[in-house]
Amino acid sequence: MKAANISATDISKSFSIPDENDLLHVLEDIHFEIREGEFVTILGPSGCGKSTFLNILAGFEEVDSGYAICCGEPITGPSPERAVVFQSPVLFPWLDVKDNIMYGLKQLGKKKDESETLSLEYLEAVGLEGFGNYYPVQLSGGMQQRVALARSLVLGPKVLLMDEPFAALDAQTRYNMQQLLLQLWENNQQTIVFITHDVEEALLLSDRVCIMSKRPGSIIEQIAVPFERPRPISLTGTSEFSMLKSHILSRLLT
Amino acid sequence: MKVRMPENYERADIAGFILPVSLFTIWYVATQDGGVPAYLLPSPRDLILTALDFVTGSESLTPYAGTFSVHSLASVKRVLSGFCLAAAVGLPLGFLTGRIALAKTSLDPTVHLIRIVPGIGWLPLAMVWFGVGEKTTLFLISLAAFFPIYVNAAQGASSVSPMLVRAGRMLGANDLAIFTTVIFPAAIPSTVAGLRLGLGLSWAYLVLGELTGVTHGLGAVMMDARMLGNVEMILVSMIFIGILGRISDMILVGSFRKLNLLKRGFEE
Ligand SMILES: Nc1ncnc2c1ncn2[C@@H]1O[C@H](COP(=O)(O)OP(=O)(O)OP(=O)(O)O)[C@@H](O)[C@H]1O
Ligand SMILES: [Mg+2]
C-alpha cells in the first residue's frame, strides 16, 4: 500500500471578491507535510483560510500556485481515500441516517448486508444507536455532525480531513467523540488533519499543532506535542500543558 | 412541528366546510320552484341524478346515459399521452439546462421566448397544422405541460447545494452516481411541483382541444350538451373533469411517494 502521507508545497490561493474587480488572498505560500499515520491539528483565527486549505487537500478547490501531493500522487479531485468531515454536517436530507452512513459503502460496491452491519456498528460508535431510521431534519445539529463523522469513518479512509468536527458538541459528547476518534486512529493509523479553535483539544489529540496567521494564511509555527499517550483529561491541569497552551494562545493573538 | 400539523389540518377541515355548505344551500334554495329556471341552473337533485345516469345508464335521462366510461377513457388517454410526451421531452431538457451551462445558454432563451405566447394562442395554428380533434388536442396538451415541467426541473437541478455534490464525490460517487444519487433526489421536490403544474394544465388544454371537435371525451360531451341546451350535462362533465384531474394528481404524487422520492423527513 502506498504511504498515505501528504505534502503541500508553496500553496497560494485567492478568491475573487464578489462585485469587485479584486482578489482576496486567502492562502500564501503554505508549506505543510504530514507523515503517514500522523495526527496534526491546525489552529488559526477565523477566516484565515483553514477550511480553504482543507478543501484543497480534499481536492475540492484548485490551487493558484504550488502543489499538493497525497500518497505520491498530485491531488486533482476528491477521493474516498481522503474522507472529509465538513464544518457543517452536509447529510443527504432525503436519506435516513442509516442510508446516509451506507452511502459511501454503496458507491464502493460493498454487499448490502455487509454494509448494513458495518453502518450499525458505526452508528453505535457515535452514540446514535436507535436513530438509524431518523431523517437528518429530525436530529439535532450535534447528532447530525456525528452521523457525518460515522459516514466518513465507516469507509476506513487512509486520510481523514476534519473541519472543526466537534465544535457543536457538549463537553461530554465531545469527549466521547474524541476518545472514539483516538481509538479508531490507534487501530487504523489513519493520517489525520484536524482543524479546531480549541487549543486544549489540539493538545489532547494531536502529534503536532500547526498555527496559521491571519489572512492571508500561512503556517507561522509548528509545535510537536510532547505529551505521552494516552493523555488523560487531568493533563490539562499540569503546568507543562498550561504553558504550552498559553504559548499557542499568544501566537494566535498576535 | 409534527404534533401541531394534524391540529391545523383539523381546524382547516372544519373551516373548509363552511363555504361549500353555504354555497350548496344557496344553490339548493335558488333552484326551488319559482327560483332560477332549470335551463340556466339545474337543482342539485337533478344534477346528481344526471351524473348517476351518466355513469350507470340506469335512468336513460339524457342521450349520454351510461357513456361515462367511454368518454372519460378517451379523455384520460389524451391527457396521459400529452402529459407523458411533455414529461419525456421536458424532464431531460430541464435537467440538462439545470446542470450544463452550454445547454442553458443555447436552450433557455428560446424556450422562454416561446413560453411567452399563451398556450391558447397556439390553437388556430394547431388547427391549421393538425386539423380539428385528436392531434390538435395532443399538441396543445403537450405544449402547455412542457413549460412548467421544463422550468421546474431546470430550477431544481440547478439549485442543488454544491456542498451535497462535494459530499457525494468525497464518498466515492462517480459522475453517473452523482446525478442519480445527489442531483436527481435533490431536484425531486421542484421537479414534482413542475409535473403537477403540467398535469393540471394538461386537463385544461384537454378541454380546449376537445372543444374543437372530437367524437368522444368529456370536453366533447360539454360541447355537444351545450348545443342540445342540456346544462346538467355541461355541469356534470365539468365536475368529472375536476374529479379525474384531482385523482390523477393524487396518483402522480402518490407514485413519487411510493418510490421513496418524496419522503416526509425531506419535505419538511
Ligand atoms: N468560495 C469562496 N469564494 C470567495 N471567497 C471565499 C470562498 N471560500 C472562502 N472564501 C474566503 O476565504 C476566506 C477564508 O475562508 P475559510 O473558510 O477558509 O476560513 P476559516 O479559516 O475556515 O475560518 P473559520 O475558522 O471561521 O471556519 C474568507 O475570507 C472567505 O470569505
Ligand atoms: Mg472554516
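Residues numbered from 1 in each chain as written. Chains lettered and ligands numbered in written order. Predicted model: local features only at pLDDT ≥ 70, side-chain atom pairs only at ≥ 80, totals over all residues. Heavy atoms only, no water.

### So, the overall build of chain A
Phase 1: When you go through chain A residue by residue, the secondary structure sums to seven helices and 10 strands.
Phase 2: On C-alpha atoms alone, chain A measures out to a radius of gyration of 18 Å, which is about the 18 Å that the 2.2 N^0.38 rule sets for 254 residues.
Phase 3: Seen through its principal axes, chain A has C-alpha atoms that stretch 50 × 50 × 40 Å.
Phase 4: Each of the 254 residues in chain A was classed as buried or not, and the buried ones make up 54%.
Phase 5: Total accessible area computed for chain A in this model is approximately 11,400 Å², and 50% of it derives from carbon and sulfur atoms.
Phase 6: Here chain A contributes 21 positively and 33 negatively charged side chains, and the mean placements of these two sets differ by 2 Å. (Helix = DSSP H or I, 4+ residues; strand = E, 2+ residues; numbered from the N terminus. Rg over C-alpha atoms; globule rule 2.2 N^0.38 Å. Buried < 20%, exposed > 50% of the residue type's maximum accessible area, 1.4 Å probe, protein only. Areas by Shrake-Rupley, 256 points an atom, 1.4 Å probe, with all protein chains shown as cover. Lys, Arg positive; Asp, Glu negative; His and termini not counted. Charge placed at Lys NZ, Arg CZ, Asp CG, Glu CD.)

### Some thoughts on the interface of chain A and chain B
Phase 1: Contact with chain A, which involves 24 residues of that partner, is made by 20 residues of chain B.
Phase 2: For the pair chain A and chain B, the two sides together bury roughly 2,000 Å², of which 70% comes from carbon and sulfur.
Phase 3: By the criterion of area lost to chain B, the three top residues of chain A are Trp94, Tyr103 and Gln107 of chain A, representing 32% of everything that side buries.
Phase 4: Our enumeration of links across chain A and chain B arrives at one salt bridge.
Phase 5: Between Glu61 of chain A and Arg166 of chain B there is a salt bridge, with the nearest N and O atoms lying 3.3 Å from each other.
Phase 6: The interface formed by chain A and chain B includes two residue pairs in polar contact (both at pLDDT 80 or more).
Phase 7: Elements represented by at least two residues in the side of chain A that touches chain B include exactly β6 (82–85), α2 (97–107) and α4 (141–153) of chain A. (Contact = heavy atoms within 4.5 Å. Buried area = accessible area lost by both parts, 1.4 Å probe. Salt bridge = Lys/Arg side-chain N within 4 Å of Asp/Glu carboxyl O. Polar contact = N/O pair within 3.5 Å; in protein donor to acceptor, adjacent residues only side chain to side chain.)

### Describing the environment of Leu201 of chain B
Residues and elements named next belong to chain B.
Phase 1: In this fold, Leu201 is placed in helix α8 (residues 175–211).
Phase 2: When the C-alpha atoms of Leu201 and Gly213 are compared, they prove to be 19 Å apart, with 12 residues separating the residues in sequence.
Phase 3: Here Leu201 is in contact with Ala144 and Pro148, once residues within four sequence places are set aside.

### Here's the deal with the coordination of the magnesium ion (ligand 2)
Phase 1: Around the magnesium ion (ligand 2), the protein contributes the donor atoms Ser51 of chain A (OG) and Gln87 of chain A (OE1), at 1.9 to 2.4 Å from the metal centre. Remark: Gln87 of chain A occurs in the loop between β6 and α2 and Ser51 of chain A occurs in helix α1 (residues 50–58); sequence separation between them is 36 residues. (Donors = N, O, S within 2.8 Å, 3.2 Å for Na, K, Ca; no water.)

### Quick look at the environment of Leu252 of chain B
Residue and element names in this part refer to chain B.
Phase 1: Relative to the helices and strands, Leu252 is located in helix α10 (residues 231–258).
Phase 2: On the basis of relative accessibility, which here comes to 11%, the residue Leu252 falls in the buried class.
Phase 3: In contact with Leu252, other than residues within four places in its own chain, are Phe83, Leu195, Arg196 and Leu199.

### Structural notes on the sheet that holds strand β3 (residues 39–43) of chain A
Residue and element names in this part refer to chain A.
Phase 1: Within the open sheet, the six strands sit side by side as β6-β7-β8-β3-β9-β10. Their pairing is mixed. A single partner strand is all that each edge strand has here, and the edge strands are β6 and β10 (219–224). Neighbour-to-neighbour, the strand axes of this sheet turn through a mean angle of 15°, independent of strand direction.
Phase 2: Examined bridge by bridge, β6 and strand β7 (residues 159–163) share four bridges and lie parallel to one another. Paired with Ala83 across the two strands is Leu160, which belongs to β7.
Phase 3: Packing against the sheet, α1 makes contact with β3, β6, β7, β8 (191–195) and β9 (208–212), and its axis sits at approximately 155° to β7. (Pairing = 2+ DSSP bridges. Axes fitted to C-alpha atoms, helices over the stretch in contact; angles between N-to-C directions.)

### Describing the site of ligand 1
Residues and elements named next belong to chain A.
Phase 1: Around ligand 1, the surrounding shell holds 14 residues, and the nearest of these are Ser46, Gly47, Lys50, Ser51 and Thr52.
Phase 2: One nitrogen or oxygen atom from the main chain of Gly47 is found 2.8 Å from an oxygen atom belonging to ligand 1.
Phase 3: Take Arg215: an N or O atom from its side chain is 2.9 Å from an oxygen atom of ligand 1.
Phase 4: Its free accessible area being 630 Å², ligand 1 has 66% of it covered by the protein chains.
Phase 5: Take the shell around ligand 1: its biggest share by element is three residues, from α1.
Phase 6: Grouping the amino acids of the shell around ligand 1 by side-chain chemistry returns four nonpolar, seven polar and three charged. (Near = heavy atom within 4 Å. Nonpolar A, V, L, I, M, F, W, Y, C, P; charged D, E, K, R; others polar.)

### Examining the nonpolar core
It is characteristic of soluble globular proteins that their nonpolar side chains tend to be buried jointly.
Phase 1: Of all hydrophobic cores here, the largest spans 84 residues; its most connected members are Phe32, Leu57, Phe92, Leu149 and Met162 of chain A together with Val182 of chain B.
Phase 2: Contacts of Phe92 of chain A, omitting those with residues within four sequence positions, involve Asn100, Tyr103, Pro136 and Arg151 of chain A together with Leu164, Ala167, Gly168, Leu171 and Val182 of chain B.
Phase 3: Ala87, Ala145, Leu206 and Leu244 of chain B belong to the second-largest nonpolar core, a separate cluster that totals 43 residues. (Core = buried A, V, L, I, M, F, W, Y, C linked by side-chain atoms within 4.5 Å.)

### Remarks on the confidence of the model for chain A
Phase 1: The share of residues in chain A with pLDDT of 70 or more is 99%, and the mean pLDDT across the chain is 92.
Phase 2: Helix α5 (residues 171–188) of chain A is the least confidently modelled element of chain A, averaging 90 in pLDDT, while β3 of chain A averages 97, the highest of any element. (pLDDT = per-residue confidence, 0-100.)

### Thoughts on the sheet that holds strand β2 (residues 23–34) of chain A
All names here are of chain A.
Phase 1: One open sheet accounts for four strands, arranged β2-β1-β4-β5; its pairing is antiparallel. Edge positions in the open sheet fall to β2 and β5 (73–74), since each of these has one partner strand only.
Phase 2: Of the pairings in the sheet, the one linking strand β4 (residues 65–70) to β5 comprises two bridges and is antiparallel in character. Looking at the pairing, Ile69 lines up with Pro74 of β5.
Phase 3: Along the sheet, α1 contacts β1 (6–16), β2 and β4; its crossing angle with β2, the most-contacted strand, is approximately 60°.

### Here we look at a nonpolar patch on the surface
Residues and elements named next belong to chain B.
Phase 1: A contiguous nonpolar patch, built from Leu125, Val128, Trp129 and Phe130 and spanning about 400 Å² of accessible area, is present on the exposed surface.
Phase 2: Among the structural elements, Val128 can be located in helix α5 (residues 123–130).
Phase 3: For Val128, a relative accessible area of 66% corresponds to the exposed category. (Patch = residues over 30% accessible without salt bridge, like charges linked within 9 Å, V, L, I, M, F, W, Y side chains within 5 Å.)

### Description of the pairing of β9 of chain A
All names here are of chain A.
Phase 1: With five of five residues buried, β9 is to be regarded as a mostly interior element.
Phase 2: Side chains Arg208, Cys210 and Met212 of β9 all project onto a buried face; the interleaved residues Val209 and Ile211 project onto the opposite face, where all are buried too.
Phase 3: Across five bridges, β9 lies against β10 in antiparallel orientation. Across the sheet, Ile211 pairs through a bridge with Glu221, a residue of β10.
Phase 4: In this antiparallel pair of consecutive strands, β9 and β10, the connection spans six residues.

### A closer look at α8 of chain B
Residues and elements named next belong to chain B.
Phase 1: For α8, spanning 37 residues, the distance from its first C-alpha to its last is only 47 Å, which falls clearly below the expected 54 Å at 1.5 Å a residue.
Phase 2: The largest bend in α8 amounts to roughly 55° and is located at Ile188, with the proline Pro189 lying one to four residues further along.
Phase 3: One or two positions beyond α8, positive phi appears at Gly213, with a value near 120°. (Expected span 1.5 Å × (residues − 1). Bend = angle between axes of the 7 residues up to and from the residue.)

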